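# Chain and residue survey
Take a look at the letters that make up each chain.
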Amino acid sequence: MRKITPQPGIMDIALYEGGKATIGGRTDVLKLSSNENPLGAPPSAQAALAEAAKTLHRYPSTDHADLRQAIGEVHGLDPARIICGVGSDEVLQFVCQAFAGPGDEIIHTEHGFSMYPVLIHMAGATPVCVPEAERRVDVDAILAAVTDKTRIVLLTNPGNPTGTILPAGELDRLADGLPAHVLLVIDGAYTEYAEGFDGGAALAGARPNVIMTRTFSKVYGLGGLRIGWGYGPRELIEVMTRIRQPFNLSGVQLAVAEAAVRDRDWVETCTALNAQQRARLVGAIRQLGVACDDSHTNFVLARFADAEEATAVDQMFQDDGIILRRVTGYGFPEALRITVGDEEQTGRVIETLTRWREQA
Ligand SMILES: *Cc1c(COP(=O)(O)O)cnc(C)c1O
């Protein structure tokens, strides 16, 4: 008898695990596991939310014209080349679904975002994982992995959970080296925290095969609302738009995102705080003899002696009511990813680490 069978790839999906939010039922915890903004969402966004609540009976705009216009103005980009999604995750889903399918390969790197294999399998395509070199994206390794079947390269830059960045020259070299049939996707979720980095906007503006994705979940403090966007060649954006549901973003999401993106003071305030506390945290971690690369994001990756030590440190943090992120699934069983908090929160992290060192 014939059975109902899922489409190719679906049963290969391992369900995504988000950062933990509670410790043994306790909710009064300091959550530093998901790279959320310690200052929350900007007041401008909260005001837009209250206003949007008055028109919940209205269907939202299907073309996202106002939000795309706002993003275009703020970032100096052509709104016709922008697509908005339910988080940048959805934009990445559009890319995979629109440009790859069964039999095609999508390259991602060893320590890249753990959503990539999920999205690749959703499209029915085959993930090809390329090693990094000492926690840095290796352009030559990516180029060497390209085959006739390759359709897309998914790159997190700056990296999560490494926090390292591929310099502009290397990014250019990667784009130059890819054949014309391969699409380079630069996932710039942490762009605002990387001083001087444009997220890949210039490349996506100049090349026929580069797309940049961005999010409102990090510096704008809107992870709970789910808004992201992509920018690239108009032809490709138009293809992706065909598989985007017309009402994928609610009126609330659109209004809040528009207010947030226009709030440049907010980005300034949050990135300044982050830079200050990040430097303080990295300095303290290294002083305690724990390895830690320079970070270009709003988190740091602290690398301990081994997995056992990371487990002990993680437990000590949990006992202190602080949730960090284990990154075993990203290839770092010996490391903990720590979101950069505000001054008081960073003080608590340093205090716990210092106490661990004194006891060890
Ligand atoms: C947080 C993050 C995102 C953002 O995803 P959203 O769906 O926009 O919330 C995208 N890519 C990476 C690598 C991230 O860490």
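Because the structure is a prediction, the values reported are computed rather than measured.

## What about the site of the ligand?
With respect to spatial proximity, 13 residues lie near the ligand, and among them Ser88, Tyr190, Thr215, Ser217 and Lys218 are the closest. A distance of 2.7 Å is found between a nitrogen atom of the ligand and a side-chain nitrogen or oxygen belonging to Asp187. Note that an oxygen atom of the ligand is positioned 3.3 Å from one of the side-chain N or O atoms of Lys218. Protein coverage of the free-state accessible area of the ligand, which is 390 Å², stands at 93%. In terms of residues, the shell around the ligand owes the most to one element, helix H3 (residues 87-99), which gives three residues.

## Some words on the side chain of Gln253
Inspection of the secondary structure puts Gln253 in helix H9 (residues 251-262). According to the relative accessible area criterion, Gln253 is buried, its value standing at 9%. With residues near it in sequence (within four places) discarded, Gln253 still touches Leu225, Arg226, Ile227 and Asn248.

## Some details on the pattern of salt bridges
One pass over the full model with this rule turns up 17 salt bridges. When the shortest N-O distance is used, the salt bridge between Lys54 and Glu51 registers 3.0 Å. When its relative accessible area of 58% is taken as the criterion, Lys54 is described as exposed. Note that Arg173 is salt-bridged to Glu170, the shortest N-O span being 2.9 Å. Of this pair, Arg173 and Glu170 are both found in helix H6 (residues 168-177), three residues apart, which corresponds to roughly one turn of the helix. By relative accessible area, which is 33% here, Arg173 ends up partly exposed.

Parameters at a glance
Residues numbered from 1 in each chain as written. Predicted model: local features only at pLDDT ≥ 70, side-chain atom pairs only at ≥ 80, totals over all residues. Heavy atoms only, no water. Near = heavy atom within 4 Å. Polar contact = N/O pair within 3.5 Å; in protein donor to acceptor, adjacent residues only side chain to side chain. Areas by Shrake-Rupley, 256 points an atom, 1.4 Å probe, with all protein chains shown as cover. Helix = DSSP H or I, 4+ residues; strand = E, 2+ residues; numbered from the N terminus. Buried < 20%, exposed > 50% of the residue type's maximum accessible area, 1.4 Å probe, protein only. Contact = heavy atoms within 4.5 Å. Salt bridge = Lys/Arg side-chain N within 4 Å of Asp/Glu carboxyl O.

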